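For reference, the chains in residue letters:
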Amino acid sequence: MLPSSICSMGQIPRISPHSYGMLPKQMSKGHPSMITRGGVEKGEVGGNVQSLQVMHSKELQAKIRKQLQRIELSPSLYDTAWVAMVPKRSSSQAPCYPQCIEWILQNQHDDGSWGINSSSLSVNKDILLSTLACVVALKKWNAGSYHIRRGLNFVGRNFSVAMDVQNIAPVGFNITFSGLITLASGMGLQLPVWQTDIDEIFHLRKIELERDAGGTISARKAFMAYVAEGFGNLQDWDQVMAYQRKNGSLFNSPSTTAAAAIHSFNDRTLNYLDSLTNKFGGPVPAMYPQNIYSQLCTVDALERTGISQKFAREIRDILDTTYRSWLHNEEEVMLDIPTCAMAFRLLRTHGYDITSAKLLKQQLLSNKLSTSAQSEVEYVLKFPLHSTLDRLEHRRNIEQFKVEGSKVLKSGYCGSHSNEEILALAVDYFHSSQSVYQQELKYFERLDELKFARVMPLIVHFISTATMFAPELADARMVLSQTSLLVTVYDDFFDCPETSREEKENYIALIEKWDNHAEIGFCSKNVEIVFYAVYNTYKQIGEKAALKQNRSIMDQLVEDLVSSAKAMMVEADWTATKYIPATMEEYMSNAEVSAAFASFVCPPLYFLGLKLSEEDVKSHEYTQLLKLTNVIGRLQNDSQTYRKEILAGKVNSVLLRALTDSGNTSLESIEAAKDMVNSDAESSMVEMRSLVFSEGGPIPRPGKDRFWEMCKIVFYFYREDDAYLTPKEMMSSARAVILDPLRQLIIPCD
């Protein structure tokens, strides 16, 4: 079940048995009308507005799709400056890459700075670092004296930024910036700043080096090599060259590789820089190659904001390529920790066979990751796949979306050019989806007048929208909301002390007879109300499903209803007679069925666009998916509601395990038993994940995902207590998905 049984009203109200169970219009006449943000329905005067939105959406999708297929890399002024400093092989008096010098001369901003889009941003450490690097590069070849003077003045005016510990810093900034100050001084350049400020920079450098010493020796050496250009002649360049990759680079970093070429005269570094400048011309990126990382960043952004389904084919191609790189232990994936962490998480989420996170754990313990990289690794290792709900995560990620990029390197951000388009498309899609959800909710709000014990329309529909969020899944979403509500109703019917045994038996007999229920008759008005609520709704769901499946599923629906009702009857008898099952096996054999997931998880499967034969739903895979869902739901329910159920004299797996394991119900025994029940639920979730992500089998992946998503809902509901007993947080979450507009959005201008 969803939240545990509770009946706070004594009796179910007496209402017309036919006023419940009518399907909303979209169940019989297609999907509901889409509502624009202006509130005008498609087909009315505002239809042109929606047409423009559709056109805009298609344009955004086309731009993102192009970026997925071919990554466009942003130029890095800092790295370009270092490549510009490399001398010719034959003459140290001339630049090896004059095109870099020319590009620097052509790309100084009016304020004297160098940096991407610096005119529209406040001055930051990346711009300061890039500007000083360009000044040093020009001075080395005595080019652009006017540019040098303007650059020095910019650095002088904004030098305080370098000492601002609150300002986001590129990796190793205090080392690389102080290294450039040393280079500039050696060339005779005078920075227009106080000596005390320069001393402060070198003090910060010392602090950073001491903090770096806290990592492992190997991690510290790697970090020192990565920022090697900041040490100049003080660096042991033979040690640095130990990190040279097959492509000739060091860490795929043009700046580190250029510094190595200057100090070690290594031919392979020059070959790498040759290929780099031949490909990009004047400017170079902050990291190359970075195709896999940039593509994964884009995939990650699409998934985090809830629009990945629009690019399913492109994402599958990218992940297939990444998986091949993972299997072949290729450097671009395995030697870059943020790339490795993101590849691990995305591949695992999509069901690829990724089993070890040992490398990530080592890097986390080394204390050598940047803040952003450490956050990513911690998320991968510590944040379970099943502890959040998709649509809530989408909302949070949209509201916190970083347009500027996703990975801080030695020079600024490294990421996708399509971030602005991703944000714009995600915002539009989220608001459009909410319009659909709100139309659907009106149906359930009409049902609220029935005053069933736990009918909370907004939360009921939240269960559906939180995972089946795509507007085109309206039919499946509505079916899940209806069946969830009904299972709650008849669960309460069996759980209420005021419901007599005769009424429970009468209800079961009616369900067994189904279309021939008139032969049985009703022993009370309450039974009549509950039966017709179930009968009318499931009857119409079955008729609708038959049209989609080209076969009747009614027998399966009724069989599931009968099984769950009989299991609930057994539990009611246990409570009435104070019977305690002898073993966990005896308890779970009934508790799995009384959890009733078959009655509300399975019907939506027929509305996902899948064809499921009778053989499919009787297969071992389907049976296991349902069994695990029931086990997880029951155990999670029990672990959070055992106190209430013990007081009510009900059997619960926590109580039973305490009795069977220790023979008593002391506080210590109960807590230990709860831990064991939670552990069993987690183990079942691991088994479920393996089954869902496995290839082959009669149940298509979208169908298996439905079981996985329901288990995520269960874990979300039972994080602390029964959600229906503590509705404040659940109502807030439901409003966030269905009703409340996005907050604090700053969408960049075109």
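To be clear, the structure that these remarks concern was listed above.
Residues numbered from 1 in each chain as written. Predicted model: local features only at pLDDT ≥ 70, side-chain atom pairs only at ≥ 80, totals over all residues. Heavy atoms only, no water.

Caption draft 1: Examining unusual backbone geometry more closely. A cis amide bond links Tyr-288 to the next residue, Pro-289, at an omega of -5°. Of note, Pro-289 is situated in the loop between α12 (267-280) and α13 (291-304). Positive phi outside glycine occurs at Phe-251, with the angle close to 65°. Examined against the element boundaries, Phe-251 turns out to sit in the loop between α10 (237-240) and α11 (254-264). Positive phi values are uncommon outside glycine, yet Ala-596 reaches one of about 70°. Following the sequence through the fold, Ala-596 ends up in the loop between α26 (584-594) and α27 (597-600). (Helix = DSSP H or I, 4+ residues; strand = E, 2+ residues; numbered from the N terminus.)

Caption draft 2: Expanded view of the packing of aromatic side chains. Throughout the structure, instances matching the rule amount to 23 aromatic pairs. Between Tyr-622 and Phe-707, the aromatic rings sit 5.9 Å apart at their centres with planes inclined by 90°, giving edge-to-face as the arrangement. One end of the pair, Tyr-622, is in helix α28 (residues 620-647); the other, Phe-707, is in helix α31 (residues 701-717), and 85 residues separate them in sequence. For Tyr-622, a relative accessible area of 3% puts it in the buried group. Connected via pairs of aromatic rings, a cluster forms that spans Trp-514, Phe-522, Phe-531, Tyr-532 and Tyr-535. Directly above the ring of Phe-280 sits Lys-279, whose terminal nitrogen or CZ lies 5.8 Å from the centroid. (Phe/Tyr/Trp six-rings, centres within 6.5 Å; stacked < 30°, edge-to-face > 60°. Buried < 20%, exposed > 50% of the residue type's maximum accessible area, 1.4 Å probe, protein only. Lys NZ or Arg CZ within 6 Å of the ring centre and 35° of its normal.)

Caption draft 3: Representation of helix α21 (residues 457-465) in the model. The element α21 is largely enclosed, with a buried count of nine among its nine residues. Among the residues making up α21, those that are buried are Pro-457, Leu-458, Ile-459, Val-460, His-461, Phe-462, Ile-463, Ser-464 and Thr-465.

Caption draft 4: Molecular detail of the side chain of Asn-252. Here Asn-252 shows up in the loop between α10 and α11. Looking at Asn-252, its side chain comes within polar contact range of the side chain of Asn-247, at 3.0 Å. Filtering out sequence-adjacent residues up to four positions away, Asn-252 remains in contact with Arg-245, Asn-247, Tyr-272, Ala-286, Met-287, Tyr-288, Pro-289 and Glu-332. (Polar contact = N/O pair within 3.5 Å; in protein donor to acceptor, adjacent residues only side chain to side chain. Contact = heavy atoms within 4.5 Å.)

Caption draft 5: Spatial organisation of the pattern of salt bridges. On inspection of all chains with the given rule, the structure shows 29 salt bridges. In this structure, the salt-bridge partner of Arg-65 is Glu-314, at a minimum N-O distance of 2.8 Å. Residue Arg-65 is found in helix α2 (residues 47-69), and its partner Glu-314 is found in helix α14 (residues 312-327); the two are separated by 249 residues along the sequence. For Lys-539, the salt bridge goes to Asp-515, with nearest N and O atoms at 2.7 Å. Of this pair, Lys-539 sits in helix α24 (residues 525-549) while Asp-515 sits in the loop between α23 (501-513) and α24, placing them 24 residues apart in sequence. (Salt bridge = Lys/Arg side-chain N within 4 Å of Asp/Glu carboxyl O.)

Caption draft 6: Here's a closer look at the packing of helix α22 (residues 474-495) against α24. At a closest axis distance of 11 Å, the pairing of α22 and α24 adopts a crossing angle of 155°. Classed by the angle they form, the pair α22 and α24 counts as roughly antiparallel. When you trace α22 past α24, the crossing you get is left-handed. Taken together, the residues of α24 that come into contact with α22 (itself represented by Asp-475, Val-479, Gln-482, Thr-483, Leu-486, Val-487, Tyr-490 and Phe-493) are Asn-526, Val-527, Val-530, Ala-533, Val-534, Thr-537, Tyr-538, Ile-541, Lys-544 and Lys-548. In terms of residue class, the contact of α22 with α24 is built from 11 nonpolar, four polar and three charged. (Axes fitted to C-alpha atoms, helices over the stretch in contact; angles between N-to-C directions. Parallel < 35°, antiparallel > 145°, perpendicular 65-115°, else oblique. Left-handed = near helix turned anticlockwise from the far one by under 90°. Nonpolar A, V, L, I, M, F, W, Y, C, P; charged D, E, K, R; others polar.)

Caption draft 7: Quick peek at the nonpolar core. Grouped together as the largest cluster of nonpolar side chains are 213 residues, with contacts concentrated most on Phe-177, Phe-462 and Tyr-507. Once residues lying within four places of it in the same chain are set aside, the contact partners of Phe-462 are Leu-389, Leu-392, Tyr-716, Met-730, Ser-733, Ala-734, Val-737 and Ile-738. Tyr-443, Val-460, Leu-485 and Val-489 belong to the second largest nonpolar core, which has six residues in total. (Core = buried A, V, L, I, M, F, W, Y, C linked by side-chain atoms within 4.5 Å.)

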